[in-house]
Amino acid sequence: MKIRGARVLVLAGIAIAALALGSFAAGASGATVSGKLEIFSWWTAGGEADALQALFNVYQKQYPNVKIINATVAGGAGTNAKAVLKTRMLGGDPPDSFQVHAGHELIDTWVKAGKMESLTSLFVSQGWPKVMPHGLIDILSYQGQIWSVPVDIHRANLLWYNKKVFADAGLTPPTTFEAFFKDANALKAKGISPFVLGDKEGWEAGHAFETVLIGTLGPASYRGLWTGHTSWMGPKVAQALGTFKRMLSYANSDHAALTWDEAAQYIQSGKGGMQIMGDWEAGWFTSKSFTDYGWAPPPGNQGIYDTLSDSFGLPKGAKDRAAVMAWLTLLGSRTGQQTFNPPKGSICARTDCSATAFSPYQQWAMHQWATNTIVPSVIHGAAASEGWSTEYKDAIALFVTSGDVAATQKSLQKACVDAGVCK
Ligand code: GAL
């Protein structure tokens, strides 16, 4: 009875807030909103910066009196941005809205710390629960409230290649690790750098390795690594590390000096064979007007969608409230998502976008998203808390130079213990 009453109260609260927001959304368009809007992200590379700008352009048309401040901190996967954001948030100087990965990164880092405002009423007033997947809404939720607006769905587990390079060498994308090494040898014999890597920022090897874990353990056991159901000390994790070590022996010698997008030039120029990277790489290729790229799931990843979603929330103390509510409303709308995702390389978080404006890669991804087994990405904040994913990232970055399987496996286990998930 008690619970019921509480629920009714919550629902009534949501309905009232929804009415208030509904009238905001209807009445606040155009010239009535002014001031500034500071948006914080790490989108500075080709494709991602274009997608953000495309959204700003639409916003600016709708709200011509708002001055947009594009607060970006360069560094893929938020390597540098997250630290800057933390300093600002803890120092009481939040941006109006910031990029944050759906899942643990949002909930563990910001929501549980009481730093965010609930956006449930915005979701209800805009009808988003009906046009966004339940699984996605679930990972944006905590204690019955929804905490951020997802703007995309990205796929992390992809192997990119240059179609001409593969055709000239008579190769097809490898579906097994053995086939990967066969292709790698054939590429090497032709003077092409087989395994393209740019791990200057410290996260990229961890990104590639999560796909090796998936390809070695399969989706259920991979998921179990993050819930305590799969042991980090088991033989399959050792096997994955061994495979990755072998892959690294085929990497370009300048890998430590390149970022992910600088490394992508190896694919574009035909000097490189295969790069494992998320589908923001498709956005980067598009920004370079390069269309002759191919893609495939990395070895053992067929039928599995390693997922992450970029979202934006409303930090407590955001200064420009009307402008930021208008921003969040645009982000979740069909117009917003159909503007942002084509240049970004991702697909809509909404289920009702029209496929026609999207590239062949993205149309393939839409089909995969609807039919694959979904697993969460660790490097991109979905699978584990920020502390855990940072320890994981650092262990794999060290592994690139040490090649020490046993020590790395112990570090990965320790990260799980530190997170309170393993004993
Ligand atoms: C991811 C982010 C993507 C893309 C990528 C490279 O963490 O979710 O949107 O920006 O980093 O910077």
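Cut-offs used in this document
Residues numbered from 1 in each chain as written. Predicted model: local features only at pLDDT ≥ 70, side-chain atom pairs only at ≥ 80, totals over all residues. Heavy atoms only, no water. Helix = DSSP H or I, 4+ residues; strand = E, 2+ residues; numbered from the N terminus. Rg over C-alpha atoms; globule rule 2.2 N^0.38 Å. Buried < 20%, exposed > 50% of the residue type's maximum accessible area, 1.4 Å probe, protein only. Contact = heavy atoms within 4.5 Å. Lys, Arg positive; Asp, Glu negative; His and termini not counted. Charge placed at Lys NZ, Arg CZ, Asp CG, Glu CD. Salt bridge = Lys/Arg side-chain N within 4 Å of Asp/Glu carboxyl O. Disulfide = S-S within 2.5 Å. Near = heavy atom within 4 Å. Polar contact = N/O pair within 3.5 Å; in protein donor to acceptor, adjacent residues only side chain to side chain. Areas by Shrake-Rupley, 256 points an atom, 1.4 Å probe, with all protein chains shown as cover. Nonpolar A, V, L, I, M, F, W, Y, C, P; charged D, E, K, R; others polar. Expected span 1.5 Å × (residues − 1). Arc of directions from axis to C-beta. pLDDT = per-residue confidence, 0-100. 1 Å grid on protein atoms, 1.4 Å probe; cavity = no way out; pocket = protein on both sides within 12 Å on 5 of 7 lines; lining within 4 Å. Points joined across faces, edges and corners; volume = space filled by probe spheres on them. Pairing = 2+ DSSP bridges. Axes fitted to C-alpha atoms, helices over the stretch in contact; angles between N-to-C directions.

A. Main features of the overall build of the chain. Along the chain, the regular secondary structure elements total 19 helices and 14 strands. The C-alpha atoms of the chain give 22 Å as radius of gyration, which agrees with the globular expectation for 423 residues (22 Å, within 12%). Overall, the chain is about 65 × 50 × 40 Å in size when its C-alpha atoms are taken along their principal axes. Residue burial in the chain is summarised as follows: out of 423 residues, 57% are buried. Considering only residue pairs separated by 6 or more positions, the chain has 77% of its internal contacts joining residues 24 or more positions apart. Looking at charge distribution, the chain has the averaged site of its 35 positive side-chain charges lying 5 Å from that of its 32 negative ones.

B. Inspection of the pattern of salt bridges at higher detail. Enumeration over the complete set of coordinates arrives at 12 salt bridges. Residue E386 is joined to K86 by a salt bridge in which the shortest nitrogen-to-oxygen separation is 3.3 Å. Here E386 is found in helix α18 (residues 386–402), whereas its partner K86 is found in helix α3 (residues 81–90), with 300 residues between them in sequence. For E386, a relative accessible area of 13% corresponds to the buried category.

C. Broad picture of the state of the cysteines. Applying the stated criterion across every chain yields a total of 2 disulfides. Here C348 connects covalently by a disulfide to C353, the sulfurs 2.1 Å from one another. Linking C348 and C353, the disulfide has an S-S dihedral of approximately -95° and is accordingly described as left-handed. A single burial state applies to C348 and to C353, both of which are buried. Residue C416 pairs covalently with C422 via a disulfide, S to S 1.9 Å. Note on the C416 and C422 pair: the S-S dihedral is about 75°, so by sign convention the disulfide is right-handed. For the chain, the bonded cysteines pair up as 1-2, 3-4 when numbered in the order they occur along the sequence.

D. Expanded view of the site of the ligand. As a structural note, the neighbourhood of the ligand is formed by 14 residues, with E48, H101, D310, K344 and H380 the closest of them. Here an oxygen atom of the ligand and a side-chain polar atom of H101 are 2.8 Å apart. Taken by itself the ligand offers 300 Å² of open surface, and the protein chains cover 100% of this. A per-class count over the shell around the ligand returns 6 nonpolar, 5 polar and 3 charged.

E. A look at helix α12 (residues 235–248). Between its terminal C-alpha atoms α12 stretches 20 Å, which fits the 20 Å expected from 14 residues at 1.5 Å a residue. Of all the residues in α12, the buried ones are V237, A240, L241, T243, F244, M247 and L248. For α12, the angular spread of the buried residues around the axis is 165°, confining them to a single face.

F. Here's a closer look at the confidence of the model for the chain. Overall, the predicted model of the chain reaches an average pLDDT of 94, with 93% of residues at or above 70. When pLDDT is averaged over each element of the chain, α12 comes out on top at 99 and helix α1 (residues 2–27) at the bottom at 35. This model gives residues 1–27 a pLDDT under 50, and the stretch forms 19 contacts once residues within four places in sequence are excluded.

G. Spatial organisation of empty space enclosed by the protein. Considering all chains together, one arrives at 2 cavities of 30 Å³ or more under this definition. The wall of the largest cavity is formed by 15 residues, among which W42, W43, E48, A77 and W280 lie closest to the centre. Taken as a whole, the second largest cavity spans an internal volume of roughly 70 Å³. Contributing to the lining of the second largest cavity are F40, W42, A81, K82, L85, Q99, V100, E105, W110 and E386. Broken down by element, the residue count for the lining of the second largest cavity peaks at 3 residues, all from α3.

H. Layout of the sheet that holds strand β6 (residues 148–150). The 5 strands are arranged β2-β1-β3-β13-β6 in an open sheet whose pairing can be described as mixed. Of all the strands in the sheet, the pair left with one neighbour each is β2 (66–72) and β6. When the angles between neighbouring strand axes are averaged without regard to direction, this sheet yields 30°. By the bridge criterion, 3 bridges tie strand β3 (residues 97–101) to strand β13 (residues 310–313) in an arrangement that is antiparallel. Pairing of H101 across the sheet is with D310, part of β13. Strand contacts of helix α2 (residues 48–62): β1 (35–41) and β2, with the helix running at about 165° to β2, the strand carrying the most contacts. Against the sheet, helix α4 (residues 104–111) makes contact with β3 and β6, and its axis sits at roughly 125° relative to β3, the strand it touches most.

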